[in-house]
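Coordinate analysis (summary)
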Amino acid sequence: DVKVTQSSRYLVKRTGEKVFLECVQDMDHENMFWYRQDPGLGLRLIYFSYDVKMKEKGDIPEGYSVSREKKERFSLILESASTNQTSMYLCASSSGVGAPGTQYFGPGTRLLVL
Amino acid sequence: KQEVTQIPAALSVPEGENLVLNCSFTDSAIYNLQWFRQDPGKGLTSLLLIQSSQREQTSGRLNASLDKSSGRSTLYIAASQPGDSATYLCAVTNTNAGKSTFGDGTTLTVKP
């Protein structure tokens, strides 16, 4: 079974803190994604990566950065957390650059910024 | 810009009923379309993936169809059960790197 794991299920941080969310997949997938999900706004893509050290902005990259030093790991960084970044964060991975396959999601990290 | 719409936003049915969930998209230049299930507070679970060259996919009581020319997909659930209660999302993959656009979902409640 494909497994996508996220470092924390719940996280509470203070405004201005630097926050790291980690995502690891075990299927040697080329593509990895970070989304946030908010009531009434649906799932929105923050960043994605199609190879090691490669990244592209999604629809809402402001206030976030990412790192992909190894194929299996994709990190989302909140440089200076703000209350409007309180959300559910979901990581996903898929195979096949050129022929994208099924997206597999992690369990999510619910982040509260106070 | 791709837009994905799911109708209805919510649906309540008695157990045993067959039902159809709808997904429409504005740009037919897609790589694939995927249906997901999400339980409250959890991540998304993949149900079915339909490649752009395919017309339908089946898994157990689920059948998904794709009509690219009209920009529509349906998810058919046969003999619904209370355990099917969840939010169902469709996602359209627009680029060869797998970037997808999601609908807002249909929240299904199956009453015993």
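On a predicted model such as this, the values are computed, not experimentally measured, just so you know.

Criteria and thresholds
- Residues numbered from 1 in each chain as written.
- Chains lettered and ligands numbered in written order.
- Predicted model: local features only at pLDDT ≥ 70, side-chain atom pairs only at ≥ 80, totals over all residues.
- Heavy atoms only, no water.
- Helix = DSSP H or I, 4+ residues; strand = E, 2+ residues; numbered from the N terminus.
- Rg over C-alpha atoms; globule rule 2.2 N^0.38 Å.
- Buried < 20%, exposed > 50% of the residue type's maximum accessible area, 1.4 Å probe, protein only.
- Contact = heavy atoms within 4.5 Å.
- Areas by Shrake-Rupley, 256 points an atom, 1.4 Å probe, with all protein chains shown as cover.
- Patch = residues over 30% accessible without salt bridge, like charges linked within 9 Å, V, L, I, M, F, W, Y side chains within 5 Å.
- Salt bridge = Lys/Arg side-chain N within 4 Å of Asp/Glu carboxyl O.
- Buried area = accessible area lost by both parts, 1.4 Å probe.
- Polar contact = N/O pair within 3.5 Å; in protein donor to acceptor, adjacent residues only side chain to side chain.
- Pairing = 2+ DSSP bridges.
- Axes fitted to C-alpha atoms, helices over the stretch in contact; angles between N-to-C directions.

**A look at the overall build of chain B**
Helix and strand counts for chain B come out as zero helices and eleven strands. Counting helices and strands in the order they occur from the N terminus, chain B gives β-β-β-β-β-β-β-β-β-β-β. Computed over the C-alpha atoms, the radius of gyration of chain B is 13 Å, within 12% of the 13 Å expected from 2.2 N^0.38 for a compact globule of 112 residues. Looking at chain B as a whole, 43% of its 112 residues are labelled buried. Long-range pairs, those at least 24 residues apart, make up 53% of the contacts in chain B with a sequence separation of at least 6. Of the roughly 5200 Å² that chain B leaves accessible, carbon and sulfur atoms contribute 47%.

**With respect to the environment of Arg110(A)**
Relative to the helices and strands, Arg110(A) resides in strand S11 (residues 109–113). Sequence separation of Arg110(A) and Leu11(A) is 99 residues, and the distance between their C-alpha atoms is 6.2 Å. Setting aside residues no more than four positions away along its own chain, Arg110(A) makes contact with Arg9(A), Tyr10(A), Leu11(A), Ser87(A), Met88(A) and Gly41(B).

**Notes on a nonpolar patch on the surface**
All names here are of chain A. Taken together, the side chains of Val 12, Leu 112 and Leu 114 make up a nonpolar region of the molecular surface, amounting to roughly 260 Å² of accessible area. Take Leu 114: it is sitting in the segment after S11. With a relative accessible area of 47%, Leu 114 lands in the partly exposed category.

**A short note on the interface of chain A and chain B**
Taken together, the contact between chain A and chain B spans 26 residues of the former and 21 residues of the latter. The largest share of the area that chain A buries against chain B comes from Pro100(A), Gln103(A) and Phe105(A), three residues that together contribute 28% of it. Viewed at the interface, chain B and chain A are joined by zero salt bridges. The interface formed by chain A and chain B includes five residue pairs in polar contact (both at pLDDT 80 or more).

**Comments concerning the sheet that holds strand S7 (residues 64–70) of chain A**
Residue and element names in this part refer to chain A. Strands sit in the order S1-S3-S8-S7 across an open sheet of four strands; the sheet is antiparallel. On the outer flanks of this sheet lie strand S1 (4–6) and S7, each paired with one strand and no other. Strand-to-strand, the axes of this sheet are offset by a mean angle of 20 degrees, without reference to chain direction. Sheet topology note: the S1/strand S3 (residues 19–25) ladder contains three bridges and is antiparallel. Following the sheet pairing, Gln 6 is matched in S3 by Cys 23.

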